[in-house]
Amino acid sequence: MNIIGIDHLVYGANDLNAAVQFMQDFGLTEVHDQAFGRYFETLDATGILVAEAEHPELPAKLASISQLRKMVYGVADQATLDAIQAELSQDREVKTLASGALETVDDVGITIGFQITKRHELNLPVEKINAPGAPHQRGYNQLGVDHSIQIQPRTLGHTAVFVPDAAKAENFYVNRLGFRVSDRLGGGPFLRAGGTTDHHTLFLIQAPEHIKGVEHISFHLSGPSELMLAGQRFEKAGHESFWGPGRHGLGSNWFWYFDGPLGCRFEYDADMDQLDESWIPRELPLHEDNAQAYLLEFRKQNWAPFNGPAKKAG
């Protein structure tokens, strides 16, 4: 199945104003004139649709504390949509919406959709480094740190999802939709969709039924320096850091997670491993050293040898 990745997620918000402010501060751009709700997108048009929790156009709420209503995957073409409809219609209802998109539920009861992807290719500069023994990537007088830059997430990368039966969910996404296992952490699989080389599109985490839903959503940035600057700005805007900054072992992506008003966390990430069909999955026990290759902590330091203007001698 040529599934590219997640095009957008649909949420109901208990506090829509707080959700809107959060996504604006995070760097997402609002696209107006939606059929309902408010849509916030990345640079490649993937993003989040959010509406008041009781809005009648929202899919039904999960029987859990999650505010997630729907996960919509983008596919390469109509042939892929047709193949998905044929496959899943064997044992469940698959609705065809007025837009031509499909809607159904996965094997753990989460509403999912499929549409011809609306994401567009990006042609943007990437972070560059200079190192002894290699040609300079960043030329003379080009600074590596620039606090004046505007930062916008480039694309919605992946979701981590709490599910009551990770093995059942894995079987559905792998055997029915063509996802591949990249690695496992504590038995939980990192899965990548068939149309992407990103280390993972979906991370399944075994959890009780009452918290079923998205644990976090990641958004790719240009690189680790941009991630550090974005995280600093977001934290100074009053948003609470949950974990990071740091770098994961499985996937190798830099990360910084923040708590948010949609009942899930938002992650800035950068520099994800890219895999092909020759990759052999690894399996590691669940331990903090396997979840984070390293973790950075900001601390206030009085490193200067004085606390103000130098005193005159005498």
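This structure is a prediction, so every number in the text was calculated from the model and none was measured.

Cut-off values and rules
- Residues numbered from 1 in each chain as written.
- Predicted model: local features only at pLDDT ≥ 70, side-chain atom pairs only at ≥ 80, totals over all residues.
- Heavy atoms only, no water.
- Phe/Tyr/Trp six-rings, centres within 6.5 Å; stacked < 30°, edge-to-face > 60°.
- Helix = DSSP H or I, 4+ residues; strand = E, 2+ residues; numbered from the N terminus.
- Buried < 20%, exposed > 50% of the residue type's maximum accessible area, 1.4 Å probe, protein only.
- Pairing = 2+ DSSP bridges.

## Some words on the packing of aromatic side chains
Counted under the stated rule, the structure contains 22 aromatic pairs. Centroid distance Trp254 to Tyr294: 5.7 Å. Interplanar angle 70 degrees. Geometry classified as edge-to-face. Here the residue Trp254 occupies a position in strand S15 (residues 254-259), and Tyr294 occupies one in strand S18 (residues 294-295), the gap between them amounting to 40 residues. Their ring planes at 80 degrees and their centres at 6.1 Å tell us that Phe258 and Tyr268 sit as a pair that is edge-to-face. With Phe258 in strand S15 and Tyr268 in strand S16 (residues 265-270), this residue pair connects regions lying ten residues apart in the sequence.

## Describing unusual backbone geometry
A cis amide bond, omega 5 degrees, links Gly244 with the succeeding residue Pro245. On the secondary structure map, Pro245 appears in strand S14 (residues 241-247). Although it is not a glycine, Ser252 adopts a positive phi angle of roughly 65 degrees. Structurally, the position occupied by Ser252 is in the loop between S14 and S15. We classify Ser252 as buried; its relative accessible area is 18%. The phi dihedral of Asp271 is positive, around 65 degrees, even though this residue is not glycine. According to the relative accessible area criterion, Asp271 is partly exposed, its value standing at 44%.

## A word on the sheet that holds strand S12 (residues 202-206)
If you trace the ten strands from one edge of the open sheet to the other, you get S17-S10-S11-S12-S9-S13-S16-S15-S14-S18, paired in mixed fashion. Every interior strand has two partners, whereas the edge strands, strand S17 (282-284) and S18, have only one.

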